[in-house]
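# Observations on the model geometry
Below, each chain spelled out in residue letters.
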Amino acid sequence: MSHSETTASADPSSAWFSVRRGILNLLSLLAIVIVGLSLSSSWFQPPPQTQLDLLQTDLALQASRTLDDPRYQDLARALLGQDVFKVAQNRYQQTADNYAERLKRLKRLARLTPAGESEAASPELAQSPEVDPALLASMQDLQTELDALWLRLGLLYAYQEDLEAARQQWQQIIDLERPVELESSQKGAARVLQGLWGTPRRILPEAEVQIRNHLDGWFEAVALQQLYRLQQRSDSLNALNQQQEKLALAALFRLAVVGGIPVLGALLGLMLLLGWLGWSLWRKRPLLGPAWEVPWPGIGAQAVLTGWFLGFIALNALVPRLYIIILGLGAEQLSPWHQAVALFLTYNSGAVLGAGLLYRLLHTYPGWQRVLQVRLWDPWLLWGLCGYWVALPLVVLAAALSQLLLPQAGGGNPILPLLLDSHGWGARLVFLAVVSVCAPVFEEVLFRGFWLPTLSRYLPMGAAIGLSAFTFALAHLNLSDLLPLTMLGVVLGVVYSHSRNLLAPILLHSLWNTGSLVTLLVLGGAR
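Please read all numbers here as calculations on a predicted model, not as lab measurements.

## Observations concerning the environment of Leu-310
Secondary-structure assignment places Leu-310 in helix α12 (residues 298–327). Owing to a relative accessible area of 19%, Leu-310 belongs among the buried residues under this scheme. For the pair formed by Leu-310 and Ala-31, sequence separation is 279 residues and the distance between their alpha carbons is 6.4 Å. Look past the residues within four positions of Leu-310 in its chain and what remains in contact with it is Leu-27, Leu-30, Ala-31 and Ile-34.

## Describing helix α7 (residues 163–174)
In this model, α7 (12 residues) spans 17 Å end to end at C-alpha, consistent with the 16 Å of a helix rising 1.5 Å per residue. Residues of α7 that are buried: Ala-165, Ala-166, Gln-169, Trp-170, Ile-173 and Ile-174.

## Section: unusual backbone geometry
With an omega of 0 degrees, the peptide bond between Thr-199 and Pro-200 qualifies as cis. Backbone geometry places Glu-161, a non-glycine residue, at a positive phi of 65 degrees. Counting through the fold element by element, Glu-161 comes out in the loop between α6 (133–159) and α7. Given a relative accessible area of 69%, Glu-161 falls into the exposed group. One non-glycine residue, Arg-500, adopts positive backbone phi at about 55 degrees. Position of Arg-500 among the secondary structure elements: in the loop between α18 (482–499) and α19 (503–524).

## With respect to the packing of aromatic side chains
Under the defined criterion, the tally for this structure stands at 16 aromatic pairs. With centroids separated by 5.1 Å and ring planes inclined at 85 degrees, the aromatic side chains of Trp-218 and Phe-219 adopt a geometry described as edge-to-face. Three or more aromatic residues joined by ring pairs make a cluster, and in this case those are Trp-308, Phe-309, Phe-312, Tyr-347, Phe-442, Phe-447 and Phe-472. Over the ring of Phe-472 we find Arg-448; its NZ or CZ atom is 4.5 Å from the centre of that ring.

## Here's the deal with the environment of Ile-174
You can see Ile-174 is positioned in helix α7. For the pair Ile-174 and Asp-147, spaced 27 residues apart in sequence, the C-alpha to C-alpha distance is 9.5 Å. Among all residues touching Ile-174, those that are not within four sequence positions of it are Lys-187, Ala-190, Arg-191 and Gln-194.

## Some words on the side chain of Asn-478
Tracing the sequence through the fold places Asn-478 in the loop between α17 (461–474) and α18. Separated by 3.0 Å, the side chain of Asn-478 and the backbone nitrogen of Asp-481 make a polar contact.

## Considering helix α8 (residues 186–196)
Counting buried residues in α8 gives nine out of 11 residues, a clear majority hidden from the surface. Turning to α8, its buried residues number three or more, namely Gln-186, Lys-187, Ala-189, Ala-190, Val-192, Leu-193, Gln-194, Gly-195 and Leu-196.

Rules and cut-offs
- Residues numbered from 1 in each chain as written.
- Predicted model: local features only at pLDDT ≥ 70, side-chain atom pairs only at ≥ 80, totals over all residues.
- Heavy atoms only, no water.
- Helix = DSSP H or I, 4+ residues; strand = E, 2+ residues; numbered from the N terminus.
- Buried < 20%, exposed > 50% of the residue type's maximum accessible area, 1.4 Å probe, protein only.
- Contact = heavy atoms within 4.5 Å.
- Expected span 1.5 Å × (residues − 1).
- Phe/Tyr/Trp six-rings, centres within 6.5 Å; stacked < 30°, edge-to-face > 60°.
- Lys NZ or Arg CZ within 6 Å of the ring centre and 35° of its normal.
- Polar contact = N/O pair within 3.5 Å; in protein donor to acceptor, adjacent residues only side chain to side chain.

What is shown is where atoms sit, not what they do.
Here is the structure:
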């Protein structure tokens, strides 16, 4: 053993450094395991794109009346096509089949349905020691969503006069062999619809209440029309038809906004991308900016990311529970406003933790301000806007590739269902603050301002941008968004590598999130 090695092994500070590095590596490994488990669990959740597709389908059904209106017929045909009901039926059928397969996989995971055997299960599901409560809760949620799909799919079949197929859909909800724990409140509505389209026709008690409680939009209108016809309530039927004509026109406008603006934006982004690539090649300019001179070490960056991620996971479990305890309410009693505030507190507590970890590391290294730069008088506005338009076609292509490679991948933004359930602008403004301000500022500081320059110290710039983008996507913990968010992260990284100003990727990120939120609100208008 050399003298230097002997000295190092005898140096207590060197030994303590090795111990700390070992602990940090173990914590980083724990974080990686948590990411892997979260991604695998998201496999069983409905993908967000499916929900968005169904919202757009509902909007198209709502607008279908305009196909018979000479004033809007041309626009309606361009947006809806000629066979809107068959398209909607196929989309709902594919989604229902997808959900049924997910439920079957969950049952197999819970050892309720062995591979290759029928789906019959014991009616004492909750009493089985083999069934994990969290897994049972996931199955109950998925079954409820599947029942809602069958309810609507039956109405699509009934509207097209395929009454046998409609009854088969509703009968799956009424299935007497289903375990008690997997029954949902949709059963009463399914019996009402079977009566309205059965032979002979039957009107069950509280039929209108069941329809209004479990259906919405076009589906609610179709069921109510059938009910009013059988009850011979001509005044109610006329009022409903007048209301639906107004809603159809509003839905057509929403479809024009949702479908037209992104397409125009994507075309503009594609032209900007091709123009920028052509100009860079002609001028022999590099496609990526130069690497940063980073004063802090890689192990410091590893500590910050690991500490933030594990801390955020803990806060994500702790903060909502503390909020519920302070309110004195149960989790099921939280209104959309309370859920929005809980989300705001949870996300910002994680952001404060991350900011604290960053400050603790960076303030000991002079010159860190030259890396995390913010300059108001700079062309950051141009970089952010152009980057947003360029991101549109690229992320759409990445999303299409993701669906091709991972058609069964699930997961999604947890804000999506909360936003769709919110009806007051108070809750929506809180969601907007989280999505359009808090998330872009903190995530860009962490992933572009800090992590990307750190990686550029050890990797070529292209690899650094790719790895930082992939880390950014992993932090969202869902499989279906992994490729699209990685592509968005790449665009954000390229913009920051050239602009050298954090305001540029913050603006791009904010525009992206705000556009997604507005799209959800517009699509949600179908309900």
